[in-house]
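# Topology and contacts: notes
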Amino acid sequence: MEETLFMIKPDAVGARKVGLILAEIEKAGFEIVAMRQIRMTADQARRFYAMHEGKPFLDELVAFMSSGPAVPCHLRRQNAILGLRELIGATDPKEAKPGTIRALYAESKGKNAVHASDSPESAKTEIEFMFGAVGAAR
Ligand code: UDP
Ligand code: MG
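Now for a look at the structure at hand. (Residues numbered from 1 in each chain as written. Chains lettered and ligands numbered in written order. Predicted model: local features only at pLDDT ≥ 70, side-chain atom pairs only at ≥ 80, totals over all residues. Heavy atoms only, no water.)

## Concerning the site of ligand 1
All residues in the neighbourhood of ligand 1 are listed as Lys9, Tyr49, His52, Phe57, Leu61, Arg85, Thr91, Arg102, Lys109, Gly110 and Asn112. Within the side chain of Arg85, an N or O atom sits 2.8 Å from an oxygen atom of ligand 1. The separation between an oxygen atom of ligand 1 and a polar side-chain atom of Asn112 is 2.8 Å. Within the complex, 81% of the 500 Å² of free accessible area of ligand 1 lies under protein. Of all the cavities here, the one that holds ligand 1 is the largest pocket. Taken together, the residues that form the shell around ligand 1 break down as three nonpolar, four polar and four charged. (Near = heavy atom within 4 Å. Polar contact = N/O pair within 3.5 Å; in protein donor to acceptor, adjacent residues only side chain to side chain. Areas by Shrake-Rupley, 256 points an atom, 1.4 Å probe, with all protein chains shown as cover. 1 Å grid on protein atoms, 1.4 Å probe; cavity = no way out; pocket = protein on both sides within 12 Å on 5 of 7 lines; lining within 4 Å. Sits in = over half its atoms within 2 Å of the grid points. Nonpolar A, V, L, I, M, F, W, Y, C, P; charged D, E, K, R; others polar.)

Have a look at this one:
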């Protein structure tokens, strides 16, 4: 079994797509180990996306990710990391395969509905970032 961090971003929470997106996650066989609704500060969003420091889209991304509530989920399944990346589809919904979560629910390359860890290292760091605090539900 493998674990990964999934997050429903503020655009999709605002559009009331949380239930539909979680249905796709459960249909694909992922177990929800922990889940919460948060609102990140700009500083927290910048730390979450530290790997993108220096990229031209970072300021816009930080503003978007701190603009409203998001729903991070700690997920578990076999081949969870690559399997979830496949289920969400390409970063830009115009390039995402039909039926993927981003093809179904993303508005644009920036406001693209969901996040998924891209490697075992990011999964560990990101699960800890979202659920490492005392009192997390696991
Ligand atoms: N992003 C953007 N413009 C870009 C590339 C990325 O606004 O040209 C945003 C988008 O929200 C994306 C996030 O930054 O999901 C992180 O980028 P990454 O390349 O890690 O894409 P992901 O792993 O989310 O598919
Ligand atoms: Mg990424």
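Picking up after the structure, the text goes on.
## What about the layout of surface pockets?
As a volume, the largest pocket reaches approximately 550 Å³. In terms of lining, the largest pocket is formed by 21 residues, of which the most central are Lys9, Phe57, Leu61, Thr91 and Asn112. Elements represented by at least two residues in the lining of the largest pocket include exactly helix 4 (58–65) and strand 4 (114–116). Considering each element in turn, the lining of the largest pocket owes the most residues, three residues, to helix 4. Of the residues in the lining of the largest pocket, the class split is seven nonpolar, six polar and eight charged. (Points joined across faces, edges and corners; volume = space filled by probe spheres on them. Helix = DSSP H or I, 4+ residues; strand = E, 2+ residues; numbered from the N terminus.)

## Considering the sheet that holds strand 1 (residues 2–8)
Here we have four strands laid out as an open sheet, ordered 2-3-1-4, and antiparallel in their pairing. Looking at strand neighbours, the two that pair on one side only are strand 2 (31–35) and strand 4, the edges of this open sheet. Neighbouring strand axes in the sheet, compared pairwise and without regard to direction, differ in orientation by 25 degrees on average. Both strand 1 and strand 3 (residues 71–77) contribute to a ladder of seven bridges, which runs antiparallel. Counterpart to Phe6 in the pairing with strand 3 is Cys73. (Pairing = 2+ DSSP bridges. Axes fitted to C-alpha atoms, helices over the stretch in contact; angles between N-to-C directions.)

## Observations concerning the environment of Arg36
By the secondary structure assignment, Arg36 is in the loop between strand 2 and helix 3 (42–48). Residue Arg36 is classed as partly exposed on the basis of its relative accessible area, which comes to 40%. Sequence separation between Arg36 and Pro72 is 36 residues, and the spatial gap between their C-alpha atoms is 6.0 Å. Ignoring any residue separated from it by four or fewer positions in sequence, one finds Arg36 in contact with Ala70, Val71, Pro72, Met130 and Phe131. (Buried < 20%, exposed > 50% of the residue type's maximum accessible area, 1.4 Å probe, protein only. Contact = heavy atoms within 4.5 Å.)

## Considering the environment of Ile8
Tracing the sequence through the fold places Ile8 in strand 1. Considering only alpha carbons, one finds Ile8 and Ala42, 34 residues apart in sequence, at a separation of 17 Å. Excluding residues that lie within four positions of it along the chain, Ile8 makes contacts with Val13, Val18, Ile21, Leu22, Ala70, Val71, Ala113 and Val114.

## Some remarks on the pairing of strand 3
Counting buried residues along strand 3, five of its seven residues qualify, which places the element largely inside the surrounding structure. Sheet topology note: the strand 2/strand 3 ladder contains four bridges and is antiparallel. Note on strand 3: the bridge partner recorded for Glu31 is Arg76.

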